[in-house]
Amino acid sequence: MKTTHSKHLPLNLLLGTIVVALALLWSSIAPYDRATWWMEVAPVLLVYPVLWMSRRSFVWTDLLYILIMMHALVLIVGGAYTYARVPFGFWLQDLLGDSRNPYDKIGHFMQGFVPALAAREWLWRRAWVRSLRVASVLAVCVAMTLSTVYELLEWLAAVLLGQGADEFLGTQGYAWDTQSDMGFALLGALMGMVLLSALHNRQMNQHKF
């Protein structure tokens, strides 16, 4: 299957870029920790240029453009406040009776949820696999690989920056933070496959191959 090149600008890419650009501007004015802000928003600054440069050769489904925007907003808010200080996380902490701000778990859930669906779409529409079931299984594997790489980068940041990496790590004294981060990424990837596969299939079928 080969995707047809599109001469039209995907509307959801344009709208998502505007929303993300405004959020980046807001978050950059006075983040809690400037170094942490850079590290948290770095994926956004990498992904959106790639989406724009590849927009003619590969147009993602509307679902993916929306999910990528939502994931970007989660990262940007975490960068502005640091994950341990996001106000919505404190509200969740009170609601759940948790001992720590759980906003970082939302970030790791999205780290599995969105990349898994993106990998599924890429694998299927590029004809790297011929079965959507196989694409779904491999997509979860891709998401978990990404989660593992991210945790290794956090470890490297801790080694290089020492105490200066605390805001980026956001462990909040939780000894099993790394394992729970990967667990939430796995949960996100599986939930994406279970909840959105049908919608995703319909939107992928609307694209010409």
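Data block above holds the structure.
What counts, and at which threshold
Residues numbered from 1 in each chain as written. Predicted model: local features only at pLDDT ≥ 70, side-chain atom pairs only at ≥ 80, totals over all residues. Heavy atoms only, no water. Axes fitted to C-alpha atoms, helices over the stretch in contact; angles between N-to-C directions. Helix = DSSP H or I, 4+ residues; strand = E, 2+ residues; numbered from the N terminus. Parallel < 35°, antiparallel > 145°, perpendicular 65-115°, else oblique. Contact = heavy atoms within 4.5 Å. Nonpolar A, V, L, I, M, F, W, Y, C, P; charged D, E, K, R; others polar. Core = buried A, V, L, I, M, F, W, Y, C linked by side-chain atoms within 4.5 Å. Buried < 20%, exposed > 50% of the residue type's maximum accessible area, 1.4 Å probe, protein only. Salt bridge = Lys/Arg side-chain N within 4 Å of Asp/Glu carboxyl O. Phe/Tyr/Trp six-rings, centres within 6.5 Å; stacked < 30°, edge-to-face > 60°. Left-handed = near helix turned anticlockwise from the far one by under 90°.

**Q** Help me understand the packing of helix α1 (residues 11–29) against helix α3 (residues 62–81), please; the structure alone is not making it clear to me.
**A** Think of two packed helices as two axes; the pair is described by the angle between the axes and how far apart they sit. Contact geometry for α1 and α3: axes closest at 10 Å, N-to-C directions at 0 degrees. When the interaxial angle is binned, α1 and α3 end up roughly parallel. Residue-level inspection shows N12, L13, G16, V19, V20, A23, L24, W26 and S27 of α1 in contact with α3, the latter providing D62, Y65, I66, M69, A72, L73, I76, V77, A80 and Y81. Residues that form the contact of α1 with α3 fall into these classes: 15 nonpolar, 3 polar and 1 charged.

**Q** Please clarify how the nonpolar core should be interpreted in this entry.
**A** Nonpolar side chains in soluble globular proteins tend to end up buried together. Counting 40 residues, the largest nonpolar core has V20, V44 and Y48 as the members making the most contacts within it. Looking at this core, the element that brings in the most residues is α3, giving 10 residues. Beyond its immediate chain neighbours, meaning those up to four positions away, V44 contacts V20, L24, P49, A72, L75 and I76.

**Q** Explanation requested: the pattern of salt bridges in the structure shown.
**A** Opposite charge on two side chains allows them to pair when their charged atoms are near. Applying the stated rule across the entire model yields 4 salt bridges. The salt bridge partner of R100 is D104, with a shortest N-O separation of 3.1 Å. The pair R100 / D104 is uniform in exposure class, with both members buried. Notably, a salt bridge pairs K105 with D104, separated by 3.5 Å at the nearest N-O pair. You'll find K105 and D104 in the same group, each marked buried. Among the charged side chains, a network of salt bridges with common partners joins R100, D104, K105 and D181.

**Q** Would you mind going over the packing of aromatic side chains with me for this structure?
**A** Two aromatic rings are characterised by how far apart their centres lie and by the angle between their planes. One pass over the full model with this rule turns up 9 aromatic pairs. Ring plane angle 55 degrees and centroid distance 6.0 Å describe the contact between W26 and Y81, whose orientation is recorded as tilted. Of this pair, W26 sits in helix α1 while Y81 is found in helix α3, placing the two residues 55 residues apart along the sequence. You can call W26 partly exposed: its relative accessible area is 41%. The exposure class of Y81 is partly exposed, given its relative accessible area of 31%. Note on F109 and F113: the rings are 5.6 Å apart at their centroids and 20 degrees apart in plane angle, and the pair reads as stacked. You can see F109 and its partner F113 sitting in helix α5 (residues 103–125), 4 residues apart, about one turn around the helix. Ring-pair connections join several aromatic residues into one group, and the members of that group are F58, W60, W122 and W128.

**Q** What exactly am I supposed to notice about the packing of α1 against helix α2 (residues 34–53) here?
**A** Their axes nearest at 12 Å, the elements α1 and α2 cross at an angle of 160 degrees. Between α1 and α2, the crossing angle belongs to the class labelled roughly antiparallel. As for the relative orientation of α1 and α2, their crossing is left-handed in sense. Of α2, the residues touching α1 (which contributes L13, L14, G16, T17, V20, L24, S27, S28 and I29) are R34, W37, V41, V44, L45, Y48, L51 and W52. Per-class residue counts for the contact of α1 with α2 are 12 nonpolar, 4 polar and 1 charged.

Read these as geometric descriptors, not functional statements.
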